[in-house]
Amino acid sequence: MKAIEVIESLKRRFPNEPEYIQAVSQVLPTIEETYNQHPEFEKSNLIERLCIPDRVYEFRVTWTDDRGQVHTNMGYRIQHNNAIGPYKGGLRFHSSVNLGILKFLAFEQTFKNSLTTLPMGGAKGGSDFSPRGKSNAEVMRFCQAFMTELWRNIGPDVDVPAGDIGVGGREVGYLFGMYKKLTHEYSGTFTGKGLEFGGSLIRPEATGYGNVYFLQEMLATKGIDIKGKTVCVSGSGNVAQYTVDKLIDLGAKVVTLSDSNGYIYDPDGIDREKWNYVMELKNIERGRIREYAEKYNVKYVEGGRPWGEKCDIALPSATQNEIDGDDARKLVANGVIAVGEGANMPSTPEAIKVFQDARILYSPGKASNAGGVSVSGLEMSQNSERLSWTREEVDQKLHSIMKNIHAACVQYGTEKDGYVNYVKGANVAGFMKVAKAMMAQGIL
Ligand code: NDP
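Criteria and thresholds
Residues numbered from 1 in each chain as written. Predicted model: local features only at pLDDT ≥ 70, side-chain atom pairs only at ≥ 80, totals over all residues. Heavy atoms only, no water. Helix = DSSP H or I, 4+ residues; strand = E, 2+ residues; numbered from the N terminus. Buried < 20%, exposed > 50% of the residue type's maximum accessible area, 1.4 Å probe, protein only. Contact = heavy atoms within 4.5 Å. Areas by Shrake-Rupley, 256 points an atom, 1.4 Å probe, with all protein chains shown as cover. Lys, Arg positive; Asp, Glu negative; His and termini not counted. Charge placed at Lys NZ, Arg CZ, Asp CG, Glu CD. Near = heavy atom within 4 Å. Polar contact = N/O pair within 3.5 Å; in protein donor to acceptor, adjacent residues only side chain to side chain. 1 Å grid on protein atoms, 1.4 Å probe; cavity = no way out; pocket = protein on both sides within 12 Å on 5 of 7 lines; lining within 4 Å. Points joined across faces, edges and corners; volume = space filled by probe spheres on them. Nonpolar A, V, L, I, M, F, W, Y, C, P; charged D, E, K, R; others polar.

Q: Even after reading the chapter, I still don't get the overall build of the protein, so can you show me in this structure?
A: When its secondary structure is counted, the protein shows 17 helices and 12 strands. Counting only residues that meet the buried cut, the protein has 58% of its 444 residues in that class. Taking all contacts inside the protein whose residues are at least 6 apart in sequence as the whole, residues at least 24 apart take part in 71%. As displayed, the protein has an accessible area near 17,700 Å², and 50% of this comes from carbon and sulfur atoms. The protein carries 52 positive and 54 negative side-chain charges, and their two centres are separated by 2 Å.

Put into structure tokens, the structure is as follows:
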């Protein structure tokens with residue numbers, strides 16, 4: 001396999017899907033050497049079978065707003081690969097959603113799910129509908145309309161969706177409710193469910209906590225303690241919220257948060273009281289992060305990203321391509337020692353090169369944000385058992401999964417000079433398991 005040739009061929013076949021091409025382009029060169037040690041892979045064209053999704057569902061979603069006006073949105077589900085378990089991956093509701101973005105996410109999810117050590121294949125889905133600014137009733141009608149199309153193609157042993165950007169506990173509740181009504185069946189087809197109806201303790205916290213656990217492992221390789229470190233976090237949704245929660249517990253100082261309108265800089269750090277305010281602002285009032293700056297009289301930068309602020313650690317937790325080359329250079333110039341991706345693909349290829357050239361600790365989302373899907377996997381296990389595990393039990397399992405993922409990255413990603421290339425480590429470790437399973441199952 002020549003990575004560059006495969007990438008060029010995919011570019012020709014999918015010219016309008018730049019994020020998908022970006023994700024594939026970041027993975028293939030890192031697995032090329034390992035792949036080519038197995039001539040049987042090349043003979044069965046494993047690489048194209050791994051890069052191109054098993055199937056894609058695309059459908060129209062029609063819903064009515066509170067004034068009686070009818071709207072249409074697009075709905076998608078990408079079932080990427082089920083070699084190691086049922087398709088598994090979140091749904092994203094955001095105006096920017098398109099096929100290429102979901103294909104990148106489904107591709108990444110396949111490697112990530114493999115890394116968790118749990119039996120889950122890779123998938124992703126969503127819609128260009130944005131819940132922002134919509135009433136509860138509108139969100140519910142949209143979710144119900146979305147599910148009237150999707151329900152046929154998912155199931156507890158087929159494909160298990162969850163949340164992502166724009167899909168939190170509220171949306172999962174509405175989606176699950178409609179699924180249950182249409183199928184006449186109560187099954188663990190969704191994860192991220194409410195605690196009252198089959199959800200797992202620690203699932204809301206899992207991605208943020210997992211990212212911090214992974215960060216601690218990276219810092220430990222250099223003998224560095226997280227306590228007292230200054231941290232820039234972006235986003236202010238689920239991942240950002242619980243990242244900050246854990247960082248406060250561990251004595252780090254978080255100085256930034258953001259949303260799609262801008263970022264706040266709080267030099268005193270976000271303490272428990274301010275965190276409670278953010279939780280209320282974002283999850284109940286559904287307000288903007290600007291209001292934090294007004295309440296606490298701190299700096300707010302409209303339209304800006306937080307990466308120019310001085311910090312020891314950066315944890316991007318909003319969206320893809322939110323750190324470009326210039327942002328990365330600013331972070332490095334300001335002395336950043338670690339970057340842990342809470343979001344999926346938040347760093348551009350140029351930014352990743354800047355981090356790796358500077359030899360700082362840098363972990364890609366597929367490793368450091370895998371805690372979310374890991375606890376989703378644990379939610380599936382609990383649903384199958386019809387039991388609920390305690391908070392401590394789930395948290396302890398999450399912690400040990402993150403440690404194992406870190407160890408796998410070190411095993412496969414350590415370079416000759418001792419630098420751990422977490423990108424390579426995560427890609428090779430994730431790839432080998434899926435590849436072996438695909439080979440064992442024949443040409444499909
Ligand atoms: P939420 O919808 O809860 O929060 C997303 C946050 O990012 C919001 O603050 C949002 O601002 C901001 N944001 C979204 N799009 C943009 C944009 N284009 N530019 C700037 N800011 C933006 O989503 P999550 O916290 O769940 O997800 C965040 C990231 O983490 C995503 O990349 C997701 O794929 C990834 N992830 C999530 C997991 C999970 O368990 N939830 C698991 C693994 C990865 P606004 O409110 O203005 O839109």
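After that view, the rundown keeps rolling.
Q: Explain the site of the ligand to me, please; I cannot follow it from the model alone.
A: Lining the immediate environment of the ligand, one finds 25 residues, of which Asp 164, Thr 207, Ser 260, Arg 288 and Asn 344 sit closest. Between the ligand and Thr 207 there is a distance of 2.7 Å, counted from an oxygen atom to a side-chain nitrogen or oxygen. Between an oxygen atom of the ligand and a main-chain N or O atom of Asn 238, the distance comes to 2.9 Å. Contact with the protein chains removes 83% of the 890 Å² of surface that the ligand exposes when unbound. Contributions of two or more residues to the shell around the ligand are made by helix 8 (203-220), helix 9 (238-249) and strand 7 (253-259).

Q: Where do I start with empty space enclosed by the protein in this structure?
A: Take a probe with the size of a water molecule and roll it over the atoms, and the empty space left behind shows itself. Scanning the model with the defined rule gives 2 cavities of 30 Å³ or more in all. Estimates place the volume of the largest cavity at around 90 Å³. Together, Gln 26, Glu 108, Glu 341, Met 345, Ile 352, Tyr 362, Pro 364, Gly 365, Lys 366, Val 423 and Asn 427 line the largest cavity. Elements supplying a minimum of two residues to the lining of the largest cavity: helix 14 (365-368) and helix 17 (422-440). Looking at the lining of the largest cavity residue by residue, the classes come out as 5 nonpolar, 3 polar and 3 charged. The volume enclosed by the second largest cavity comes to roughly 40 Å³.

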